[in-house]
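# Inside the fold
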Amino acid sequence: MKMVKINLKTLKNRVQKEVEKALDLKELDEIFKKYLGKRGEITRILRSLEKLPKAKRVKIGREANELKNFLREKMEQKKSSFVKTTEDKEEWLDITAPGQKLALGHLHPLTQVQRKVEEIFQTMGFSVVEGPDMETEWYNFDALNIPKDHPARDLWDTFYLKNGLLLRTHTSPVQVRYMEKNNPPLRIIVPGNVFRHEATDSSHEFQLYQVEGLMVDKKVSVANFKAIIGEFFRRFFRNDIKFRLRPDYFPFTEPSFDIGISCLVCGGKGCLVCKGTGWVEMAGAGMVHPNVFKNAGLIPNPPAGGWQGWAFGFGLDRLAMMKYKINDIRLFRSGDLRFLNQF
Amino acid sequence: MVFSYNWLQSFFKKKLPPPKELAVLLTVHFAEVEEIRKEGKDFALDIDVKPSRAGDCFSHLGIAREISAITGLIYRSSTSIIRENKNIKAKDFVRVEVKDKNACPRYTARVVTDVKVFPSPKWIRERLKVCGLRPINNIVDIANYGMLETGQPLHAFDGEKLAGKKIIVRFAKKREKIVTLDEEKYDLNEDILVIADEKKPVAIAGIKGGKLPEIDNKTKIVVLESANFNPKVIRKGSKTIDLKTDASWRFEHGIDPNLTEIGINRAAFLIQKIAKGKIAKGLIDFYPQKPPTKIFFEAKRIKLDLDYVERLLGIKIPLKEIKNILKRLEFGIAEVRPQHLLVEVPTLRLDISIPEDLIEEIGRIYGYQKIKAVFPVSALVPPKRNFNIFWEDLTKNILKEASFTEVYNYSFVSEKDISIYQLDQPKSALIEVENPISLEQEYLRPSLIPNLLKNVAKNQKNFREIRIFELGKIFQAPRTEKRMLTGLITRTLAKGEDETLVSSPTGDAFYQMKGVIDLLLQKLGISNIWYDEYQPTPEDYNPPTTSSHSPSGELAPSKLSIWNPKICAEIKVNHEEIGFLGETSQKILGDLKIEGKVVVFDIDFEKLQRLSSEETIYQPISRFPAAVRDIAVLVPLEIRVEEVLNKIETAGGILVKDVDLFDIYEGEEIPGGKKNLAFHIIYQAEDRTLSSKEIDEIQQKIIKTLEENPEWQVRK
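Computed from a prediction, not measured in an experiment: that's the story for all the values here.

Criteria and cut-off values
- Residues numbered from 1 in each chain as written.
- Chains lettered and ligands numbered in written order.
- Predicted model: local features only at pLDDT ≥ 70, side-chain atom pairs only at ≥ 80, totals over all residues.
- Domains from an automatic or database assignment.
- Core = buried A, V, L, I, M, F, W, Y, C linked by C-beta atoms within 7 Å.
- Buried ≥ 20, exposed ≤ 12 C-beta atoms within 10 Å, placed from the backbone.
- Contact = placed C-beta atoms within 7 Å.
- Pairing = 2+ DSSP bridges.
- Helix = DSSP H or I, 4+ residues; strand = E, 2+ residues; numbered from the N terminus.
- Axes fitted to C-alpha atoms, helices over the stretch in contact; angles between N-to-C directions.
- Nonpolar A, V, L, I, M, F, W, Y, C, P; charged D, E, K, R; others polar.
- Left-handed = near helix turned anticlockwise from the far one by under 90°.

## A few points about the domain arrangement of chain A
- Its domain assignment divides chain A into domain 1 (2-90) and domain 2 (109-340).
- Taking the mean C-alpha position of each, domain 1 of chain A and domain 2 of chain A sit 87 Å from one another.

Written as structure tokens, this is what we have:
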């Protein structure tokens, strides 16, 4: 019986060596058959156990079983090493080949810019309100202190409609519409379409998207306007942007100014975009004219217990052009997917 | 308006800042200098003088005054010392009669005799050229020079050519005509003010001189006109005959009547000096509203509250500086009190009438750049939520996620667009543009579809499959505007692809789009969506007006002309139609040269928004597994999927969690006139694991129910 014991030990060594030497699955399979198959050596040993006395039977049986398990384990390990090598070969991937293109949708750049503008002003307490595209002469002109038969009206080339209305030339009518129904203090911005009766080229368009701003309270000043508009430009463009106010004329504001930002294309050195001045006009603004307050049913001029405030208006198209460096304003309404798919 | 740098310099003893620096100063404190051009030894400055400053700054003198106020340099206006010849009397040469003093509040004239007409001296010619005027002869040039210097339009007549030695300011008579200096012929009417002699019009008042009394080489006697006309009259006249001139432009903005005297004396002085003329005695002056004496002259006085200056600008400017700025701009200060100033406005400054106007003057000269930014102190009122924009944003995001690209189109359509769609409605349902720039803008769009289809036509050469949408306003007569949400998918045939496959009964693109709408509505929190066969109902012809400003009773476009009548459906929520879905008719695609198929949805966004809801309620996930059984039914072609689905759901009862159609097949191996519908049926209970016996029983029940119809056959 000592034989058997030696047999088991040498058997284990032998089998282990053979398994390690095996080169492929087929050889491994043969080793399996040789030892663990129906007529395999280990199988035979296990079968022969029944002839032994009980005590030995238990001991050798346990050892043979251990060997059997050991062998199975070794073979599994070897087997998986084969699989791994084949994987390594077949699963090589050319990572430089292009990724799969997903079908993506795109939001219009004006929508994206509008959202950004709304977000910035909303965080500063401005509500977003709207008004109609078709306006009356009263709201578009008279209420804004632009009298009939006055050359100031020529500043706004207008589309007139056969239903007696006109297409608003600016979002400013909403100032009056809103103040008629809401008492100050108030802070609003008004995004929307505006229309200009003029020929188009790369920087002129007959339909534009504008944002109006209005803040009315007892003490809002030019200094306050500079703070709010400066904050807006910094958040919309970048932190180091410069801007300036210079005199301008709008019948519905007094004083009136134009707001320019340092040209983002040349950094203020002067280029084609800023016509060599280093500045780009971005918006018109000013302190709300007392007549506008009166026309909206409010009392102007705080010494008399009334209101004062400022308003501004800028073109989203222009803002988007500056932000994305778009060189032709007509692209926005071209419906050209080669343009739109870039956003 | 263009100004000569040398001319501006001529008002100052000290040297002006160089042109570029001067331009920056003017831009920052007055008005934008749009261009600086070198012209020989001079520079032309193109300044965008705003209409509010037409009264005083459409002139070199006015700009010089501004430069003086900005820089503090002292300016001196040019001399015009008149030496009248006592032996010659102006009234012997011409008599002035003004018929309408409202149209012509002031008319001054001077007579200069013995003039010699020849080309003007070089300095005048050069200055005029820099300002864009063509030199003609000394007399005409001096009249123009006087205008560019003082802002007062001037005109010179040949005194010997005025019939009856008369100047009559009156409105033109019917069928009167005039030939102007540039040989253009104009038909006049009763709205147009003219200067006439005894016989006929010799000039269009305030706009252009006539050929008749033109100054020529032989002219000896010059009658100079310096008048003030009613801005509205000149504006109307200029529009009627469609003629804008340097003079009409100034008059229609309004100028100070006191300026006529300054202008005419400056011109007479120069004629005397340059053309060697003799100035006849007497200024002919029709000025009925002239104040009796200079002392009583009623200058405007404005009370300027100093506290208000600070509160409006947001900075405290020392009183001394405020006074200084006002004085440099030639305002008078009649009274100084601790709380306020009483400011006298020069008559030239027609633009100044309220304290805010003065505050602007102070602010701009002081310099807006010196005002420090200060955040406002305000009540912490949170902004109101804008639901229109909230739902628009959400909708756009959903469609973007469904791989649609957003477009913005113009709010206009052309007559041609309208005709393509054969909108059966009367034209009166459309809103017509009174003054379109081109044929593209004749009407406001009654639908978003025409422009979206044009987008397809434009893009199809670059893109085979197009998925676009727009959320924008449409317009309906008489005065309605409302938001629509419209989108489309195209399916263009690839080479060798069979048309019959693309437009197969499964209608690929149609179902894709239906899936998009289901997704959209579901994400907007809308349930109870269903699709109805298109039936013309009164509603189609009477669009409900949701966000309208006035109700509309007009007809809507006939749907049949736009859609393929066999592949279209009404989108309904509960009992309300909210939109339409379908394939665009082949005829329209043909007209627009679009290849392939286009499936469009057109949804009333006002209704959609009203139905939308942010509420989402979590449905607990069952802890028990679901089981899937498939079933395939052979049914006649005309049977709707919905009918089969309903049967399965009814027979299945509560344990049927979901039924998915995963295949529709007809063709080979399927008997003619039939189609095969294949479904996954998902079984699940909330409280237990279903046994296969239980499931089989329900499945059998479903099969039995389906087969109650002898024409239906469940394939086993």
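## Quick notes on the nonpolar core
- Grouped together as the largest cluster of nonpolar side chains are 239 residues, with contacts concentrated most on V94, I139, V194, V222, L224 and I271 of chain B.
- What V222 of chain B contacts, discounting residues up to four positions off in sequence, is V112, V115, I139, A156, G159, I215, I271 and G277 of chain B.
- Counting residues in hydrophobic clusters, the runner-up holds 11 residues, among them V19, A22, A64 and L71 of chain A.

## Some points on the sheet that holds strand β1 (residues 127-128) of chain A
Residues and elements named next belong to chain A.
- Spatially, 7 strands are ordered β1-β4-β5-β9-β8-β7-β6 in an open sheet, and the strand pairing comes out mixed. Since the sheet does not close on itself, it has two edges, and those belong to β1 and β6 (243-247), each with one partner.
- Where β1 and strand β4 (residues 186-195) come together, 2 bridges link them in parallel fashion. Pairing of V128 across the sheet is with I189, part of β4.
- Most of the contacts of helix α7 (residues 173-181) go to strand β5 (residues 207-217), to which it runs at about 40°, and overall it touches β4, β5 and β9 (308-315).
- Helix α10 (residues 316-324) rests against β5, β8 (279-288) and β9 of the sheet, and its axis sits at about 60° to β9.

## Some details on the interface of chain A and chain B
- Taken together, the contact pairs 67 residues of chain A with 78 residues of chain B.
- For the side of chain A that touches chain B, the secondary-structure elements that each account for two or more residues are α5 (109-123), β1, β5, α8 (222-236), β6, β7 (253-262) and α11 (337-340) of chain A.
- Among the elements that line the side of chain A that touches chain B, the one with the most residues is α8 of chain A, at 6 residues.
- Here the side of chain A that touches chain B is composed, by residue class, of 34 nonpolar, 18 polar and 15 charged.

## Observations regarding the sheet that holds strand β32 (residues 713-715) of chain B
All names here are of chain B.
- Read from one edge of the open sheet, 4 strands run β30-β31-β29-β32, paired in antiparallel fashion. The sheet terminates laterally at β30 (656-665) and β32, the two strands that pair on one side only. Between one strand axis and the next, the sheet turns through 30° on average, direction left out of account.
- Pairing of strand β29 (residues 627-636) with strand β31 (residues 674-683), which is carried by 10 bridges, proceeds in the antiparallel orientation. Bridge pairing in β31 links I631 to F679.
- The sheet strands contacting helix α21 (residues 641-652) are β29, β30 and β31, and the helix crosses β30 at an angle near 150°.
- With respect to the sheet, helix α22 (residues 692-707) is in contact with β29, β30, β31 and β32, its orientation differing from that of β29 by roughly 10°.

## Looking at the packing of helix α13 (residues 387-401) of chain B against helix α17 (residues 508-523) of chain B
Residues and elements named next belong to chain B.
- Across the interface, α13 lies against α17 with an axial gap of 10 Å and an inter-helix angle of 140°. Here the hand of the crossing between α13 and α17 comes out right-handed. Along its contact with α13, which presents T395, I398 and L399, the element α17 presents L519, L520 and K523.
- Residues that form the contact of α13 with α17 fall into these classes: 4 nonpolar, 1 polar and 1 charged.

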